There are 2 protein chains.
Amino acid sequence: MAVFLNNSFLDDEQALLHVSDLVIQRGYAAFDFCRTVNGVPLFMHDHLERFYASAAAMHLAVAHTKEELTAIVHELVQISSLREAGIRLMLTGGYSTDSYHLAEPNLLITCNPVKTVSAAEMTRGVSIITYEHQRELPHIKSTNYLMAVWLLPLLQQQAADDVLYYNKESVTEFPRSNVFVITNDGTLVTPAHNILKGITRKKILLLANEIMQVDERNITVHELASAKEIFLTSTTKKILPVVKLNGATIGDGKPGPATLSLYEKFVALEQIFYPQINAD
Amino acid sequence: MAVFLNNSFLDDEQALLHVSDLVIQRGYAAFDFCRTVNGVPLFMHDHLERFYASAAAMHLAVAHTKEELTAIVHELVQISSLREAGIRLMLTGGYSTDSYHLAEPNLLITCNPVKTVSAAEMTRGVSIITYEHQRELPHIKSTNYLMAVWLLPLLQQQAADDVLYYNKESVTEFPRSNVFVITNDGTLVTPAHNILKGITRKKILLLANEIMQVDERNITVHELASAKEIFLTSTTKKILPVVKLNGATIGDGKPGPATLSLYEKFVALEQIFYPQINAD
């Protein structure tokens, strides 16, 4: 792991925080995650926009400009020698003197190997379950994944790949992904409220607008069960078809045509920015 | 700060965690907090019971027995030379290889100076506001205080001392304290559901049962506003009268007789365990 902490590039074993930091004491830090394609950060501008917005919403000031952060991330990727890397940006509540009130934030950026979805996983699709939960401060990307990690044993027990949260009757999002539905009339629908707006979600909406009807609105758990196609989107998963919902098969249990079409368009979009690589 | 990390007593500057720990990456750690009176941990047995229960509910195994933890805490207090100390017990999700799945937990215990409520603060009482929010996994004491820290600027803006969460119509708890109400017929009421059951709350219920009618049930925000007395309880605040709610005066704006009576009984309870000190 290559690390940048405040003003220094560090080796893995130097990547330490004092326990008085509010990210440890109170789980308080703004967060973002992006990946590189062939050594170049993908959609960096969007991720930085969101990171600064999360930090501001959490009353945390980023000491660096976006240009400086971009340069730091590029240097970190170079130090790591990784072609496919996951970049974690974190701005913590800082070394608090009373373990409660904000101090000067610590900026932590790490660069690790990352695995995107394989062609086989894409062809197979994933099995999901639903769970009633509303993320706290959903518009902010923070380090609060308490519920997500807590639910991992349930996923294993139910032999499910991921969990889709719902709030009252409406589905919202996965712990780390957004949800999309193709309705029976071929419209692409995704929730608009009580969610974190993913960067991949944003790109899919842009691409889909050119080729199909698109609607951002509430989706009930009931409507989800009768969807023609379901897929999820995230930075590492890109577009991943959902073929099973709470044990019931969705569509014919295989990735649907609209999902595959959007997947192809998304991979093509990546290639526009990175023409040197081949789509897998 | 005196520190115990896994198997070692450390100085403050050695109290470091690697950033791969899930408490940093995902805000995932069981937590507890107790204080010492004249150098001796108060209600240690109750706090350890709850700490082990939180850890178990979070799928984290404590490597030490309760007897071992008790001995470690006593030694840590001795090392610190503090008479009035706050002890933080934390069991983290550990150094995860993928920043998501649980690893071997890290046990962190810190010992810091602590300030309890002064006689002047007790006489003055506190001003509170209400805010709609339900803590995630409320029965578990974890390091997730995202909402609590996030609301601090609102408290400052409203010149309030603390915020009382409510879920739909019913009040639940403060970020770090429980709420009690004296109704107009003199009954002591406190919420029973969707809360963390505080150790001070438990002691107050035991004491109150001897001298008044006690009821654990839902309290609406509306009922709260017409309460005869309101107070909060916590390890550092003991019993603290609430004299203002959302800008409106409670009772005659002074600590009420039932609150003061329970406060006296609680201080006397402390003295049973620590006869060498004087109540302040």
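Regarding the relation of the copies chain A and chain B
Superposing chain A onto chain B requires a rotation of 180° together with a translation of 0.0 Å along the rotation axis, leaving an RMSD of 0.0 Å. Such a combination of rotation and displacement between the chain copies is what one expects of a two-fold axis. Judged by C-alpha distance, G27(A) is the residue of chain A that lies nearest the rotation axis, at 2.3 Å. By residue overlap, the copies meet face to face through one surface: 100% of the interface positions of chain A are interface positions in chain B.

Brief notes about empty space enclosed by the protein
Scanning all chains against the criterion turns up four cavities of 30 Å³ or more. Approximately 60 Å³ is the volume attributed to the largest cavity. Lining the largest cavity are H133(A), R135(A), N144(A), Y145(A), L146(A), M147(A), A148(A), Y165(A), P175(A) and E136(B). Counting residues per element, the lining of the largest cavity draws most heavily on helix α5 (residues 146-150) of chain A, at three residues. Across the lining of the largest cavity, the residue classes tally to six nonpolar, two polar and two charged. Looking at the second largest cavity, its volume works out to about 50 Å³. In this structure, the second largest cavity is lined by R35(B), L42(B), F43(B), H47(B), I199(B), T200(B), T235(B) and F266(B). Tallied by class, residues from the lining of the second largest cavity come to four nonpolar, three polar and one charged.

Some thoughts on the sheet that holds strand β6 (residues 85-92) of chain A
Residue and element names in this part refer to chain A. As summarised here, the arrangement of the six strands in space is β2-β1-β7-β6-β4-β5, forming an open sheet in which the pairing is antiparallel. The open sheet terminates on both sides in strands that have one partner only, identified here as β2 (8-10) and β5 (40-41). Pairing between strand β4 (residues 29-37) and β6: seven bridges, direction antiparallel. Residue pairing for β6: R35 is matched across the bridge by G86. Sitting on the sheet, helix α3 (residues 66-80) is in contact with β1 (2-5), β2, β4, β5, β6 and β7 (107-113), with an inclination near 35° to β7.

Overview of the confidence of the model for chain A
Averaged over all residues, the pLDDT of chain A is 96; the fraction at 70 or higher stands at 98%. Reported confidences for the modelled complex are a pTM of 0.96 and an ipTM of 0.96.

Regarding the packing of aromatic side chains
Aromatic ring pairs: the centre-centre distance and the angle between the two ring planes describe each pair. Residues and elements named next belong to chain A. A complete count under the given rule lists 10 aromatic pairs over all chains for this structure. Ring plane angle 90° and centroid distance 6.3 Å describe the contact between F51 and Y52, whose orientation is recorded as edge-to-face. Classification of Y52 as buried rests on a relative accessible area of 18%. For K66, the ring lying beneath its charged end belongs to Y52, and the centroid distance is 5.3 Å. Lying across the ring of F43, K203 places its NZ or CZ 4.7 Å from the centre.

Here we look at the environment of T92(B)
Residue and element names in this part refer to chain B. The topology assignment puts T92 in strand β6 (residues 85-92). Judged by relative accessible area, which is 0%, T92 ranks as buried. When the C-alpha atoms of T92 and L206 are compared, they prove to be 32 Å apart, with 114 residues separating the residues in sequence. Not counting residues up to four positions away in its chain, the partners in contact with T92 are L17, D21, V23, Y28, A29, L60, P105 and N106.

A word on the side chain of E173(B)
Residues and elements named next belong to chain B. Looking at the element boundaries, E173 is found in the loop between β10 (170-171) and β11 (178-182). In terms of polar contacts, E173 uses its side chain to reach the backbone amide nitrogen of L196, at 2.8 Å. With sequence-adjacent residues up to four places away left out, E173 is seen in contact with R135, P138, V163, L164, Y165, N178, N194, I195 and L196.

Considering the interface of chain A and chain B
With 44 residues of chain A in contact, the opposing surface of chain B contributes 44 residues. Across the chain A to chain B interface the summed buried area is about 4300 Å²; carbon plus sulfur atoms make up 64%. It is R26(A), Y100(A) and L146(A) in chain A that bury the most area against chain B; as a group they hold 18% of the surface buried on that side. Here chain A is connected to chain B by zero salt bridges. Summed over the shared surface of chain A and chain B, the result is 17 residue pairs in polar contact (both at pLDDT 80 or more). Elements with a minimum of two residues in the side of chain A that touches chain B: β3 (16-18), α1 (22-25), β6, β7, α5 and α6 (152-157) of chain A. It is α5(A) that provides the largest number of residues to the side of chain A that touches chain B, a total of five residues. Grouping the amino acids of the side of chain A that touches chain B by side-chain chemistry returns 26 nonpolar, 11 polar and seven charged. Here β3(A) runs beside strand β3 (residues 16-18) of chain B; their pairing, made up of three bridges, is antiparallel. Looking at the pairing, L16(A) lines up with H18(B) of β3(B).

Calculation criteria
- Residues numbered from 1 in each chain as written.
- Chains lettered and ligands numbered in written order.
- Predicted model: local features only at pLDDT ≥ 70, side-chain atom pairs only at ≥ 80, totals over all residues.
- Heavy atoms only, no water.
- Least-squares fit on C-alpha atoms with pLDDT ≥ 70 in both.
- Contact = heavy atoms within 4.5 Å.
- 1 Å grid on protein atoms, 1.4 Å probe; cavity = no way out; pocket = protein on both sides within 12 Å on 5 of 7 lines; lining within 4 Å.
- Points joined across faces, edges and corners; volume = space filled by probe spheres on them.
- Helix = DSSP H or I, 4+ residues; strand = E, 2+ residues; numbered from the N terminus.
- Nonpolar A, V, L, I, M, F, W, Y, C, P; charged D, E, K, R; others polar.
- Pairing = 2+ DSSP bridges.
- Axes fitted to C-alpha atoms, helices over the stretch in contact; angles between N-to-C directions.
- pLDDT = per-residue confidence, 0-100.
- Phe/Tyr/Trp six-rings, centres within 6.5 Å; stacked < 30°, edge-to-face > 60°.
- Buried < 20%, exposed > 50% of the residue type's maximum accessible area, 1.4 Å probe, protein only.
- Lys NZ or Arg CZ within 6 Å of the ring centre and 35° of its normal.
- Polar contact = N/O pair within 3.5 Å; in protein donor to acceptor, adjacent residues only side chain to side chain.
- Buried area = accessible area lost by both parts, 1.4 Å probe.
- Salt bridge = Lys/Arg side-chain N within 4 Å of Asp/Glu carboxyl O.

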